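What the coordinates show
Here's the letter readout for the chains.
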Amino acid sequence: MTRPRGRGIVGFFCIVFAFILLISSPTLAFVETRAYRPSVTLGQEGREDGQFRQLSSIIADDVGQLYVADTYNHRIQVFTADGRFLYAFGREGAQPGELSRPRGLAWGPNQLLYVADAGNHRVQVFDAKGQAVRVLGGFGSGPGQFNAPEGVAVDSEGTLYVADTLNHRVQHFAPDGRFLRSWGGSGSGKGALLSPTDIALDRDGRVLVADTQNHRVQAFTAEGQYLWEIGKAGRGVAEFDSPRGVATDHLGHIYVADTGNGRIQVFDRTGRYVAQVGHLGKQPGEFYYPAAVWVDGQRTLYVADTVNHRVQILSYFPALSRLEEGWQAFQANRIEAALGAWNDALGLDPMLAEAMYGAGLAYARQGRLDLAIHHLNAALTLQPRYTAARWALYRAYLGKLTWLFVALGVVVGAGAGTLLLRHLRRRVLRERARRFMEEGRIPDTIATYERLLQFDRNDLAVCKTLENLYEQEGLESKRRQVNEIIARLEPENLRALSYLGKQLFAEGRFAEAQQTWERILRQDPTWAEADFYLGAVLAERGEHESALLTFQRALSQVIASLQSDREGLSAESRPTAEARLATVVEAWAGVITQGTSYARAATSFAEARRILAQQCVAQGQASLQRDDAKQAILHLRWVTALTPTDADARALLKQAQTSLTFEQGLGYYQAQEYVQALRCFRDTLVLDPNHDKAKRYLRYAQQCLEGGIRERFRHLDLGDREKG
């Protein structure tokens, strides 16, 4: 009897696949280190003791007390090593001892605490009890002056380095406060800086600067000579998104608060990437816009988890660090180095099953199967459900037990069959959804796409289809879920980010909403709606001046988009453009006044409209003084939409329209185009029934058109006199 040929081929490929699985070694890519684990978390958003509003820096003293720059509460808070609140000093103000948005912290000799008092454009020095003992600087761009300084560092002699953020430079001072030198300057080349926010001094005397807007860390000598740099813009290894913090330890490791990417990256003293700590999120060990990092002598990490409004302390586990170094050596096929690292890890923690497992893999790769089996069995003794170790043990036994090929071939064949069935099921569901859509059966279409999403939560096309269907059907709760998935899978998707930004604003989660809208504007700076929502968020967070500027930018962008060319819109299209602006203004005002009331945002938006309207009025008046009525109309026509109750602006607009219409009529009259001249003069009288010149030239044009006037009147002087 002949065996079916197809079944034999399937069985052959199952055995081959099983063989490949057995002889292959696992590929391990550690994206995030496990050598740091959260041990203490303290703080939450608020104004009370032990609460924070966007903290910016943290540092500990010799006895382990923690000092935290509580930026938007304008104070420094002090805690015990285990997170218990002790006391706070500073309050909002500009007098010595008062603070405005304090940022960086650094210890100097004699237990003096240096504070970057950013909002007051100075550096203040406090003793350990919070008494101000010295004030350096003031607003300006000259030597010894600052513009919103955010970072400070002090060496053992008391020499001070200041990240003069908005002057785009580092300033260097002697221990007595005397200015020595500065370096940097706005730019992106080597040694140039763009909004530097933090400074650290390493054990080799180098000055490390967090060059935030250039997305890098630069290393300089103590005299400011450029040495090298780490990083570029991005989300990958050794890439940064607006890094705001930098620190070093006693071994020379460099720790960078990769703020926009929500993580800490670690480098060795030469700038070579070592590891990543944490990722974006709100759980312990996760960060949201971390602005600073500090390291103590035990390599414990202290992280200012800024938008989560908390401090996280992460303990260092050297055994896990050596474990990861072993995996890195193993992946690079440096087997002896890997074994050495794993043996060190076991010396630090004999119960570390993963180190036993790694040693077993290393011995297996060397062909020392007895040692491999011994270590893998030891790993399973420590951790009986260690699946990877069990499979590795099977592979080790494979050198002696060849019958295992067949058994694993059956297992793999069954797995392949399951995958095939899942693939066919998805095809059937996609076809069913397409048919339901064509038949207009929207609920059935949604249900089918939701079943598809259960098969693969990362199916971007299905998520986008569901988002459109949910929007069409008004299913807002479900729409938010798929938009969150879309934003995770496609971070540049502005539609999804915009939806989430609006939801965050509606829920009053203003810090997260601000981050979302700023992220959108980095991708599309001309998105007027994004500027509007950012302005509303800033207003609700109490940043009135920033909100005003942002609202004005949003309105200006709408006006600019309504311009058809540099000369403005045509006369026929002007009412449409003005009505569209009024519609946008009314819709935006509705967002912050209807339903949930946002009083601060409503006040700031009204003031921004008034300021922009005043600018239009001033430009219109200037144009009228130059007898340029056309240009005056281009400015004044927007005022009604911005401030409908401004009677003076309407009067100016009417004056400009009257002047322009009459001037057009005179032009037609002089060109002997009397029909058009009559139309313009009549329009002038509609605008101003008492316009004497329009009445007079209307009569002239009628007479010229009827031939009832002498030839000399056809070319009469268009001044303010009447002949004959």
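Described in the following lines is the structure provided in the data block. (Residues numbered from 1 in each chain as written. Predicted model: local features only at pLDDT ≥ 70, side-chain atom pairs only at ≥ 80, totals over all residues. Heavy atoms only, no water.)

Turning next to the sheet that holds strand β4 (residues 75-79). Ordered by their spatial adjacency, four strands build an open sheet running β2-β3-β4-β5, and the pairing between neighbours is antiparallel. Two strands in the sheet have a free side with no partner beyond their single neighbour: β2 (57-60) and β5 (85-89). Between one strand axis and the next, the sheet turns through 20 degrees on average, direction left out of account. In this structure, β2 lies alongside strand β3 (residues 66-70), joined through four bridges in antiparallel fashion. If you follow Ala60 over to β3, its bridge partner there is Leu66. (Pairing = 2+ DSSP bridges. Helix = DSSP H or I, 4+ residues; strand = E, 2+ residues; numbered from the N terminus. Axes fitted to C-alpha atoms, helices over the stretch in contact; angles between N-to-C directions.)

We now examine the packing of helix α11 (residues 494-506) against helix α13 (residues 528-540). Between α11 and α13, whose axes approach to 11 Å, the crossing angle comes to 25 degrees. When the interaxial angle is binned, α11 and α13 end up roughly parallel. Between α11 and α13 lies a crossing whose hand is left-handed. Facing Ser498, Lys502 and Phe505 of α11, the residues of α13 in contact are Glu529, Tyr533, Ala536, Val537 and Glu540. Of the residues contributing to the contact of α11 with α13, the split by class is four nonpolar, one polar and three charged. (Parallel < 35°, antiparallel > 145°, perpendicular 65-115°, else oblique. Left-handed = near helix turned anticlockwise from the far one by under 90°. Contact = heavy atoms within 4.5 Å. Nonpolar A, V, L, I, M, F, W, Y, C, P; charged D, E, K, R; others polar.)

What follows deals with the pattern of salt bridges. Where charged atoms from two side chains of opposite charge approach closely, those side chains can pair. Within this structure, the stated rule accounts for 38 salt bridges. For the salt bridge of Arg299 with Asp249, the shortest nitrogen-to-oxygen distance reads 3.5 Å. Of this pair, Arg299 sits in the loop between β24 (290-295) and β25 (301-305) while Asp249 sits in the loop between β18 (245-248) and β19 (254-258), placing them 50 residues apart in sequence. By relative accessible area, which is 6% here, Asp249 ends up buried. Put simply, Arg322 and Asp344 hold a salt bridge, and the shortest N to O gap is 2.6 Å. Taken together, the positions of Arg322 in helix α2 (residues 318-331) and Asp344 in helix α3 (residues 335-348) put the pair 22 residues apart, joining distant regions of the chain. The exposure class assigned to Arg322 is partly exposed, which follows from its relative accessible area of 24%. According to the relative accessible area criterion, Asp344 is partly exposed, its value standing at 39%. The network of salt bridges with common partners includes Asp202, Asp204, Arg206 and Arg269. (Salt bridge = Lys/Arg side-chain N within 4 Å of Asp/Glu carboxyl O. Buried < 20%, exposed > 50% of the residue type's maximum accessible area, 1.4 Å probe, protein only.)

Within the fold, His279 resides in strand β22 (residues 279-280). Of the residues examined, His279 reaches a relative accessible area of 34% and is grouped as partly exposed. When the C-alpha atoms of His279 and Asp258 are compared, they prove to be 9.8 Å apart, with 21 residues separating the residues in sequence.

What follows is about the nonpolar core. General note: in soluble globular proteins, nonpolar side chains tend to be found buried as a group. One finds Phe505 and Phe605 to be the most contacted residues of the largest nonpolar core, which totals 64 residues. The element contributing the most residues to this core is α13, with nine residues. Aside from chain neighbours lying at most four places away, what touches Phe505 is Phe510, Ala513, Tyr533, Ala536, Val537, Glu540, Val591, Ile592 and Tyr598. Counting residues in hydrophobic clusters, the runner-up holds 47 residues, among them Leu339, Trp342, Ala362 and Ala378. (Core = buried A, V, L, I, M, F, W, Y, C linked by side-chain atoms within 4.5 Å.)

Our focus in this paragraph is the sheet that holds β24. Pairing within the open sheet is antiparallel, and its four strands lie in the order β1-β26-β25-β24. Single-partner strands in this sheet number two, and they are β1 (36-42) and β24. Recorded for the sheet is a direction-independent mean angle of 25 degrees between the axes of neighbouring strands. Where β1 lies against strand β26 (residues 310-316), six bridges are found, and the strand directions are antiparallel. Bridge pairing in β26 places Thr41 opposite Gln312.

Contact pair helix α9 (residues 460-473) / helix α10 (residues 476-489): the axes reach a minimum separation of 9 Å and the direction vectors enclose 150 degrees. The pairing of α9 with α10 is recorded here as roughly antiparallel in orientation. Viewed along their axes, α9 and α10 form a crossing whose handedness is left-handed. Judged by residue contacts, Leu460, Cys463, Lys464, Leu466, Glu467, Tyr470 and Glu471 of α9 engage Lys478, Arg479, Val482, Asn483, Ile485, Ile486 and Leu489 from α10. Taken together, the residues of the contact of α9 with α10 break down into eight nonpolar, one polar and five charged.

Turning our eyes to something else, we now look at a nonpolar patch on the surface. There is a patch of nonpolar side chains on the surface, built from Trp391, Tyr394 and Tyr397 and spanning about 260 Å² of accessible area. Position of Trp391 relative to the elements: it lies in helix α6 (residues 387-397). (Patch = residues over 30% accessible without salt bridge, like charges linked within 9 Å, V, L, I, M, F, W, Y side chains within 5 Å. Areas by Shrake-Rupley, 256 points an atom, 1.4 Å probe, with all protein chains shown as cover.)

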